[in-house]
Every structure is written in structure tokens, then in C-alpha cells.
Amino acid sequence: MKTLSVLKRDLEFNRGLAALIEALKNIAVTQYRILEHKIKGFEKLISEIEGFFGVLDANKIRHMFFEDNDLPMAVVAITSDTGLLGGLNMQVVSSALSELEKKPGKLIVVGDRGRMYASESRAAFVAFPGIKDEERYGQAMQLRDYCVHKVLDGSFGSLKVVYPKPISFTVQKVEIVEFLPFAKSITGITEERQYPEEVLMESDIKGIVEYLAYTWIGQKFYEIFGLSRLAEFAARFVHLEESSQKLKETDGKTRLEYFRVRHELIDRNMRELFAARLLYAS
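Draft legend 1. Region of interest: the packing of aromatic side chains. Within this structure, the stated rule accounts for eight aromatic pairs. Ring geometry for Y137 against Y222: centres 5.2 Å apart, planes inclined by 80 degrees, an arrangement best described as edge-to-face. With a gap of 85 residues between them, Y137 in helix α5 (residues 136-152) and Y222 in helix α7 (residues 205-281) connect regions that are remote in the sequence. Y137 gets classed as partly exposed once you look at its relative accessible area, which sits at 41%. An angle of 50 degrees between the planes, with centres 5.0 Å apart, marks the rings of F179 and F221 as tilted. Highlighted residues: F179 in strand β5 (residues 172-180) and F221 in helix α7, separated in sequence by 42 residues. Each of the two residues, F179 as well as F221, counts as buried. Every member of this aromatic cluster is reached through a ring pair, and the members are F179, W216, F221 and F225. Of note, R33 hangs over the ring of F169, and the distance from its end group to the ring centre comes to 5.3 Å. Taking the ring centre of Y214 as reference, the NZ or CZ of R144 above it sits at 3.6 Å.

This is the structure:
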């Protein structure tokens, strides 16, 4: 049984830890709100790309960005550099490895946590640094350039991205997005529709397709990087909240034990004092 001094020290430690967790929760909330207002979608860009392919039959475009093939698949797993995410990073890597079980290929990991989990699984992978808010655009373009180059040189034939998506501030899920073949990535361009019989092109269709896919992939990576960071802050808050609740339960038990030991000590002292008075009285 713990002594009264040890229990008192535990209560003081719990109080300090609770204050620290509360501060970390507030930081996570603040970071989430700030980034949430900074993130911008690219709906207009996607709409313009879809509008362009609205006058072309994507099913007739002969380009490796559009066609299914037997080349290896690249799967990008986007994780963070920090812990306190309640296993979210592990879920991302596990989902990415599951995709590679369906079709052999290469794992590309973004973030130190993903690199650690991939190393533990003994899977071959290429690593990129974790996302930094101030460098997010440059990092997205660097990853885009690597992936597109590998596809064009025939190393990969398809590309998928696995990342944590924030459904709300308290709910996150692992999302899998197919980037290439490009026709599968852009909703609506493979639907049955009437196309013009002849379209005049000032540039070669191959160059147009590559440029549009290149641009779309870069902006999509940039958008997903932002969403991944949002999910990171949200998951950290949820994990801290769970830790806070567990700490409250532990602190409650410690308090009960503290008061029990304290009352037992007071009772023992009173009995000893009463016994001493009786001894002296006799």
C-alpha cells in the first residue's frame, strides 16, 4: 500500500499532467482552425479539366496516363512525423500495403512515422520527408515530379494515394484515391456522351494530356497534404482527450485511496492517543 506522502505526490503529478494535456489540446484546436481557413480546394481547376475532356472521348485517347497496363503500381502513403495520433499512421501504411497485395508495385512513404512502420513490415519503399506547413506546396510538387517521372519512364503504370481524411474534427478515416490511370481519377469523363466528330487542336494531344495530368496531380497532392495535416491535428486532439479521460479516472481512484489512507492514519493516531491517555490515567 502506498504511503500518504506518495499518494499526495501522485495527485500533484496528475494535476500537472492534466494541465499539460489541456494545453496540448488547445494547441491542436488552434492549429486545426488556422490551417482549416488556409486550405483552398481546386474545384474550379477540376471543373475546367473536366470541361476540356467534355469535348474529347477519353476512352479513345492513347496515352499511358489513360490506359490500364500491367506495369507495377505505385502507392503513396501519407503519414506524419509525430505521434499521439491513435494509430492513424499505422492504418494508413497498412491500407497502402493491402493495396500492394492486390497488385505488385512500390510503396512511397511520406513522413517519419510511415517510414518507421514500413521498416517494421520489411516492405521496400521510397521515403519523402514529413509535411511541413510552410513547405507544403514545394513538397507536393516534388512528390508530383517524382511520381510523374517514374510513370513516364515506365517504372510505374498506375498510382494510388492513401491518406488520413478529416471527416469532422472528431472523426478521421483512411481514404484511398486513384490518381492514374487519369480517366479513373476525374469523375464524369468516362460517362457515355455525345462528342464532336472533329476537334481542332493547336497542340499535340499527347502534350495536352500530359500537361493537364501533371497539373492535376500536383494540385491534388497539395490539397491532400493539407487535409492530412488537418486530420493529424484532429486525431491528436482526440487522442489527448482520451488520455485526459483516462487520467481523470486514475486521479479519481488515487484521490479515493488518498482519503482512505488519510482517514486510516487519523483513526490510528486517535486510537493511539486514546490508549495513551487511558494508560496514564491508570
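There's more to say after this.
Draft legend 2. Geometry of helix α4 (residues 112-120). When we look at burial in α4, the residues that qualify are G114, Y117 and A118. All buried residues of α4 lie within an arc of 100 degrees about the axis, which places them on one face of the element. Lining the buried residues of α4 we find α3 (88-102), β2 (105-110) and β3 (125-128).

Draft legend 3. How the structure looks around the side chain of K160. As for its position among the elements, K160 is in strand β4 (residues 158-166). Look at K160 and you get buried, because its relative accessible area is 18%. A polar contact is formed between the side chain of K160 and the side chain of E99, at a distance of 2.8 Å. Apart from residues lying up to four places away in sequence, K160 is in contact with M73, A74, V75, V76, E99, I176, V177, E178 and F179.

Draft legend 4. Representation of the side chain of E232. Along the polypeptide, E232 turns up in helix α7. Residue E232 is classed as buried on the basis of its relative accessible area of 7%. Here the side chain of E232 touches R236 through a polar contact of 2.8 Å, side chain to side chain.

Draft legend 5. A look at the sheet that holds β4. Pairing within the open sheet is mixed, and its five strands lie in the order β3-β2-β1-β4-β5. The sheet terminates laterally at β3 and β5, the two strands that pair on one side only. The sheet shows a mean angle of 20 degrees between the axes of neighbouring strands, taken without regard to direction. Summarising the sheet, β4 and β5 pair through eight bridges and their orientation is antiparallel. Among the inter-strand pairings, L159 is bridged to a residue of β5, identified as L180. Across the sheet, α3 lies against β1 (73-78), β2, β4 and β5, angled at about 175 degrees from β1, the strand it touches most.

Draft legend 6. Seen up close, the pattern of salt bridges. For the structure shown, the criterion picks out 13 salt bridges. The salt bridge involving D251 is made with R255; its shortest N-O contact spans 3.0 Å. Highlighted residues: D251 and R255, both in helix α7, separated by four residues, approximately one helical turn. Its relative accessible area of 36% is what places R255 among the partly exposed residues. Of the charged contacts in the structure, one is a salt bridge between R260 and E264, with a shortest N-O distance of 3.1 Å. Of this pair, R260 and E264 both sit in helix α7, four residues apart, which is roughly one turn of the helix. When salt bridges that share partners are traced, they join D133, R229, E232 and R236 into one network.

Reading guide: rules and limits
Residues numbered from 1 in each chain as written. Predicted model: local features only at pLDDT ≥ 70, side-chain atom pairs only at ≥ 80, totals over all residues. Heavy atoms only, no water. Phe/Tyr/Trp six-rings, centres within 6.5 Å; stacked < 30°, edge-to-face > 60°. Helix = DSSP H or I, 4+ residues; strand = E, 2+ residues; numbered from the N terminus. Buried < 20%, exposed > 50% of the residue type's maximum accessible area, 1.4 Å probe, protein only. Lys NZ or Arg CZ within 6 Å of the ring centre and 35° of its normal. Arc of directions from axis to C-beta. Contact = heavy atoms within 4.5 Å. Polar contact = N/O pair within 3.5 Å; in protein donor to acceptor, adjacent residues only side chain to side chain. Pairing = 2+ DSSP bridges. Axes fitted to C-alpha atoms, helices over the stretch in contact; angles between N-to-C directions. Salt bridge = Lys/Arg side-chain N within 4 Å of Asp/Glu carboxyl O.

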